[in-house]
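# Chain and residue survey
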Amino acid sequence: MANVIKLHKGLDIHLQGKAEEKLIQLESNGQYALVPDDFEGVTPKVVVKEGDMVKAGDALFVNKLYPEVRFASPVSGKVCEVARGERRKVLCVKVQADTEQQYVDFGKKDPAKMDGKQVIDALLEAGLFGYINQLPYAVSTNPSVMPKAIFVSALRDKPLAGDFEFEVKGQEQDFQIGLTALSKIAKTYLGCGVHSSFEHYQNVEVNVFDGKCPAGNVGVQVNNIDPVNKGEVVWTIGDPTVVLFIGRLFNTGKVDLRRRVALCGSEVKAPAYVDMLVGEELSTLLSNSYDADHSVRIINGNVLTGRPTTKDGFLGAHTSEITVIPEGNDADEMLGWILPRFKQFSVSRSYFSWLCGKKDYALDARIKGGERHMIMSGEYDKVLPMDIYGEYLIKAIIAGDIDRQEALGIYEVSPEDFALAEFVDSSKLELQRIVREGLNILRKENA
């Protein structure tokens with residue numbers, strides 16, 4: 001019987017354009033790219049050069065700090081470009097896919113007969129280990145430090161998030177094998193939502209989270225089950241598709257980075273799902289999917305934590321939705337601030353829309369206000385279901401007070417935990433950026 005954890009804080013934002021549970025077929029244009037920035041905390045060292053031929057599963061780059069952590073090519077083909085930016089930063093490694101795909105054969109394995117070290121070695125060899133993150137610091141993890149536990153969240157509850165229940169249909173065996181493999185490394189917790197189909201999985205402790213967003217955040221789940229103290233490490237998988245990657249590796253002996261992506265948002269003509277490979281170019285997906293005459297924001301991910309991108313961008317390593325919403329730079333509202341605004345959403349009931357009951361909104365990307373001094377209003381606490389003082393922690397990070405940050409629980413948080421607080425923040429602070437910079441400084445200090 002699964003444990004039920006009731007969360008009383010949070011906020012569900014209902015947006016127009018949720019993807020229907022139907023699968024559309026697209027033919028790829030053959031352009032793929034693996035982006036190092038998708039793997040937080042990784043300093044990439046490219047191990048291929050332009051013109052090299054690679055198979056799906058061959059390493060494109062490694063983590064310079066831990067060279068055994070490789071990152072596998074999603075396809076076989078020709079390396080056509082190693083794109084670099086300022087100070088020769090590696091932006092991505094591009095591969096032109098072969099018509100006939102070839103895979104590195106890592107051999108089928110039964111994780112039930114393996115120990116933790118053998119599982120880790122198999123993931124390192126296949127270039128999948130870097131998809132596992134850790135707390136503290138919310139970065140791609142270090143294979144030499146064993147965790148006290150592993151946390152997997154199968155609950156996606158951010159606005160317009162892709163439904164993992166729909167993705168895992170027909171792949172239940174892969175998901176179970178992936179969970180079994182992780183359980184060989186350390187005790188594994190699986191977090192899911194109410195009325196989910198994940199309660200029957202074996203070799204893991206299942207916890208049902210009953211509450212509003214961000215109940216699906218793996219950091220929130222860690223905080224409510226087994227918080228991280230200084231000196232402790234837990235491994236986290238907030239993107240449950242990674243468990244499918246691991247299961248397919250052991251079941252087939254091949255690296256298969258296919259994932260089901262929701263094309264969603266109020267600007268999308270027919271929101272639906274599509275199967276894509278990590279790193280696939282978005283131009284195929286986005287062509288004719290929205291009105292090109294409108295000024296839109298294309299987001300690689302969800303509206304709270306995703307990154308702005310373009311049609312020429314590539315599917316992120318942990319991206320389960322591509323969202324298209326109005327940019328808002330062409331909005332012309334006469335007396336906008338004084339109108340009742342029945343079509344706009346407000347947490348503080350500043351608009352009259354709260355009188356209309358539960359409805360879906362077509363929000364745009366405008367901030368609607370400038371950055372100002374931080375107001376200690378208790379806004380963060382209402383949407384942060386964690387046992388921390390969010391506002392005081394943010395102030396400590398801004399002030400650079402490391403001792404205060406540690407006392408206030410910075411080791412337990414990741415930037416995404418403050419995504420909703422950033423949305424409701426009347427000070428308009430970039431809280432996720434502030435938390436990321438604080439974690440990076442702390443990681444450097446403790447190295």
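Residues numbered from 1 in each chain as written. Predicted model: local features only at pLDDT ≥ 70, side-chain atom pairs only at ≥ 80, totals over all residues. Heavy atoms only, no water.

## Let's talk about the overall build of the protein
Across its full length, the protein carries 11 helices and 20 strands. For 447 residues, the compact-globule estimate of 2.2 N^0.38 gives 22 Å, and the C-alpha radius of gyration of the protein, at 22 Å, lies within 12% of that figure. Viewed in the frame of its principal axes, the protein has a C-alpha envelope of about 65 × 50 × 50 Å. With 447 residues in all, the protein has 55% of them scored as buried. About 20300 Å² of surface is accessible on the protein, with carbon and sulfur atoms providing 48% of the total. Considering the protein, the positive charge centre built from 52 side chains and the negative charge centre built from 63 side chains are found 1 Å apart. (Helix = DSSP H or I, 4+ residues; strand = E, 2+ residues; numbered from the N terminus. Rg over C-alpha atoms; globule rule 2.2 N^0.38 Å. Buried < 20%, exposed > 50% of the residue type's maximum accessible area, 1.4 Å probe, protein only. Areas by Shrake-Rupley, 256 points an atom, 1.4 Å probe, with all protein chains shown as cover. Lys, Arg positive; Asp, Glu negative; His and termini not counted. Charge placed at Lys NZ, Arg CZ, Asp CG, Glu CD.)

## Notes on the sheet that holds strand β4 (residues 44-46)
Reading across from one edge, β4-β6-β7 is the order of the 3 strands in this open sheet, with antiparallel pairing throughout. With one partner strand each, in any of the chains shown, β4 and β7 (70-72) form the two edges of the open sheet. Across the sheet, the axes of successive neighbouring strands diverge by a mean angle of 30 degrees, strand direction being ignored. (Pairing = 2+ DSSP bridges. Axes fitted to C-alpha atoms, helices over the stretch in contact; angles between N-to-C directions.)

## A closer look at the sheet that holds strand β16 (residues 258-264)
On the basis of which strands lie adjacent, the open sheet formed by 6 strands has the order β2-β17-β16-β20-β18-β19 and mixed pairing. Because the sheet does not close on itself, it has two edges, and the strands there are β2 (23-24) and β19 (307-309). Of the pairings in the sheet, the one linking strand β18 (residues 296-300) to strand β20 (residues 321-326) comprises 5 bridges and is antiparallel in character. By the bridge assignment for β20, Ile298 is matched with Val324.

## Description of the state of the cysteines
On inspection of all chains with the given rule, the structure shows 0 disulfides. Distance from the sulfur of Cys213, which forms no disulfide, to the nearest cysteine sulfur (Cys264) is 14 Å. (Disulfide = S-S within 2.5 Å.)

## Side note on the packing of helix α8 (residues 390-399) against helix α11 (residues 431-446)
As a packed pair, α8 and α11 sit with axes 9 Å apart at the nearest point and diverge in direction by 60 degrees. Overall, the two elements α8 and α11 adopt an arrangement that is oblique. For the pair α8 and α11, the crossing hand works out as left-handed. The residues of α11 that touch α8, namely those facing Ile394, Ile397 and Ile398, are Leu431, Ile434, Val435 and Gly438. Across the contact of α8 with α11, the residue classes tally to 6 nonpolar, 1 polar and no charged. (Parallel < 35°, antiparallel > 145°, perpendicular 65-115°, else oblique. Left-handed = near helix turned anticlockwise from the far one by under 90°. Contact = heavy atoms within 4.5 Å. Nonpolar A, V, L, I, M, F, W, Y, C, P; charged D, E, K, R; others polar.)

## Observations concerning the side chain of Ser196
For Ser196, the location among the structural elements is in the loop between β13 (188-193) and β14 (205-210). For Ser196, a relative accessible area of 16% corresponds to the buried category. Within the structure, Ser196 has its side chain in polar contact with the backbone nitrogen of Phe198 (distance 3.4 Å). (Polar contact = N/O pair within 3.5 Å; in protein donor to acceptor, adjacent residues only side chain to side chain.)

## Here we look at the pairing of strand β6 (residues 59-63)
It is a general feature of regular strands that their side chains alternate between the two faces of the sheet. Counting buried positions along β6 yields 5 of 5 residues, so the element is predominantly enclosed. As paired strands, β4 and β6 are joined by 3 bridges and run antiparallel to one another. If you follow Pro44 over to β6, its bridge partner there is Asn63. Of the strand pairs in this sheet, β6 and β7 are connected by 3 bridges, and their pairing is antiparallel. Bridge pairing in β7 links Ala59 to Ala72. Following β6, the chain reverses through 6 residues before pairing antiparallel with β7.

## A word on the nonpolar core
Counting residues in hydrophobic clusters, the biggest one holds 67 residues, and the most contacted among them are Tyr131, Phe175 and Leu190. Looking at this core, the element that brings in the most residues is helix α5 (residues 241-252), giving 7 residues. In this structure, Tyr131 is in contact with Leu34, Phe39, Val242, Phe245, Leu257, Val278, Ala317 and His318, ignoring residues within four places of it in sequence. If you look at the next biggest cluster of nonpolar residues, it comprises 50 residues, including Val220, Val222, Ile397 and Leu429. (Core = buried A, V, L, I, M, F, W, Y, C linked by side-chain atoms within 4.5 Å.)

## Here's the deal with α8
Within the sequence span of α8, burial applies to Gly390, Glu391, Leu393, Ile394, Ala396 and Ile397. Where α8 is buried, its residues touch α7 (379-383), α9 (402-407) and α11. The first or second residue beyond α8 is Gly400, which carries a positive phi of 75 degrees.

## With respect to helix α1 (residues 116-126)
Restricting attention to buried positions, one finds in α1 the residues Gly116, Val119, Ile120, Ala122, Leu123, Leu124 and Ala126. The opening residue of α1, the one whose side-chain oxygen lies 3.3 Å from the backbone nitrogen of Lys117, is Asp115. Directly after α1, the chain includes Gly127, whose backbone phi takes a positive value near 75 degrees.

## Structural notes on the packing of aromatic side chains
Evaluation of the coordinates by the stated rule reveals 15 aromatic pairs. Look at Phe61 and Phe71: their rings are 5.0 Å apart centre to centre, the planes differ by 25 degrees, and that puts the pair in the stacked class. Placement of Phe61 in strand β6 and of Phe71 in strand β7 is noted, with a sequence separation of 10 residues between them. Classification of Phe61 by relative accessible area gives buried; the value is 0%. A connected cluster of aromatic rings, assembled from ring pairs, spans Phe39, Phe61, Phe71, Tyr131 and Phe245. (Phe/Tyr/Trp six-rings, centres within 6.5 Å; stacked < 30°, edge-to-face > 60°.)

## Structural notes on the packing of helix α3 (residues 172-183) against α5
Contact geometry of α3 with α5 gives a least axis separation of 7 Å together with a crossing angle of 95 degrees. Looking at the two axes, α3 sits roughly perpendicular to α5. Taking contact as the criterion, the partners of Gln173, Asp174, Phe175, Ile177, Gly178, Leu179, Ala181 and Leu182 in α3 are, on α5, Val243, Leu244, Ile246, Gly247, Arg248, Phe250 and Asn251. Considering only residue class, the contact of α3 with α5 consists of 9 nonpolar, 4 polar and 2 charged.

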